[in-house]
Amino acid sequence: RLKKLAVKALKLNHRTPIEELWNTIICQDTFKVLDFLPRKSIDLMIVDPPYNLTKSFGQSTFKEMGLSDYKKWLDKWFKKTIPLLKDNASVYICADWKTSIAIPEIVGKYLLLQNRISWEREKGRGASNNWKNCLEDIWFFTVSKEYTFNINDVKIQRKVLAPYRDASGQPKDWSDSGKYKTRLTCPSNIWTDISIPSWSMPENTNHPTQKPEKLLAKLILASSNKGDVVFDPFLGSGTTAVTI
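Residues numbered from 1 in each chain as written. Predicted model: local features only at pLDDT ≥ 70, side-chain atom pairs only at ≥ 80, totals over all residues. Heavy atoms only, no water.

**Side note on the pairing of strand β7 (residues 112-120)**
Here's step 1: In this sheet, strand β8 (residues 135-142) lies alongside β7 in antiparallel orientation, the contact comprising eight bridges. Looking at β8, one finds that L113 is bridged to F141.
Here's step 2: Bridge analysis of β7 against strand β12 (residues 190-191) gives two bridges, and the strand direction is parallel. Each residue of the ladder has a partner; that of W119, found in β12, is W191. (Pairing = 2+ DSSP bridges. Helix = DSSP H or I, 4+ residues; strand = E, 2+ residues; numbered from the N terminus.)

Here it is in structure tokens:
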């Protein structure tokens, strides 16, 4: 997938207007390229940074460090993204259980924390001497109290367990499709309906920490509008670019 996307990849060496970056991929060191991106141009930023684990990503390897050093690393690049965000921008940051505690401490210095999404990232492997790790966090921040959230685009259809009716006998806040009685409900911050890409799925790649398209789609639908600028500073397997 990334080989196909790399055809459009850019390399920047100067401050570039947003019109030249629309629907493009920048193949470059994030720490360097952030200085060349236009100020106040991003509506939604989705970040899936390396977790604090020794892991190889293609030709690069991220090495585990102490929590204090990881916080410094996180702060070093994240503060460079702040000038790029619009005043009503939203930011989502992914983390595992171990690095998650660093996110609100560092990012909270710059943005307003709105929520913490817990995603059940089911894995096949078990653990013989510990609890099986199948949970990841997605921290939701905004630049200000004014931000986009399209609640109707991400509502979930659920089966109604207690189908109440009003005085006239009509369904009260639910619909009857014949086989099931269902209701559109507001999404919660616990996500259990999104699986990781398995080997049999068309979207699967050999990237070690690939995020599913459905997860990215949910964030994009909720926190951006048509024509908005969505930015992913750690593109990984390219899921954000493909989903948009």
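**Concerning the sheet that holds strand β6 (residues 85-96)**
Here's step 1: Sheet architecture is open: six strands sit in the order β12-β7-β8-β6-β3-β13, paired in mixed fashion. Bordering the open sheet on either side are β12 and β13 (230-231), each of which pairs with just one other strand.
Here's step 2: The sheet contacts of helix α5 (residues 213-223) involve β3 (42-47), β6, β7, β8 and β12, and relative to β3 the element is tilted by about 155°. (Contact = heavy atoms within 4.5 Å. Axes fitted to C-alpha atoms, helices over the stretch in contact; angles between N-to-C directions.)

**Points about unusual backbone geometry**
Here's step 1: Phi at N23 is positive, roughly 55°, even though this residue is not glycine.
Here's step 2: When you line up the elements, N23 lands in the loop between β1 (9-10) and β2 (25-26).
Here's step 3: Of the residues examined, N23 reaches a relative accessible area of 59% and is grouped as exposed.
Here's step 4: The backbone phi angle of K40 is positive, close to 50°, even though this residue is not glycine.
Here's step 5: By the element assignment, K40 lies in the loop between α2 (30-33) and β3. (Buried < 20%, exposed > 50% of the residue type's maximum accessible area, 1.4 Å probe, protein only.)

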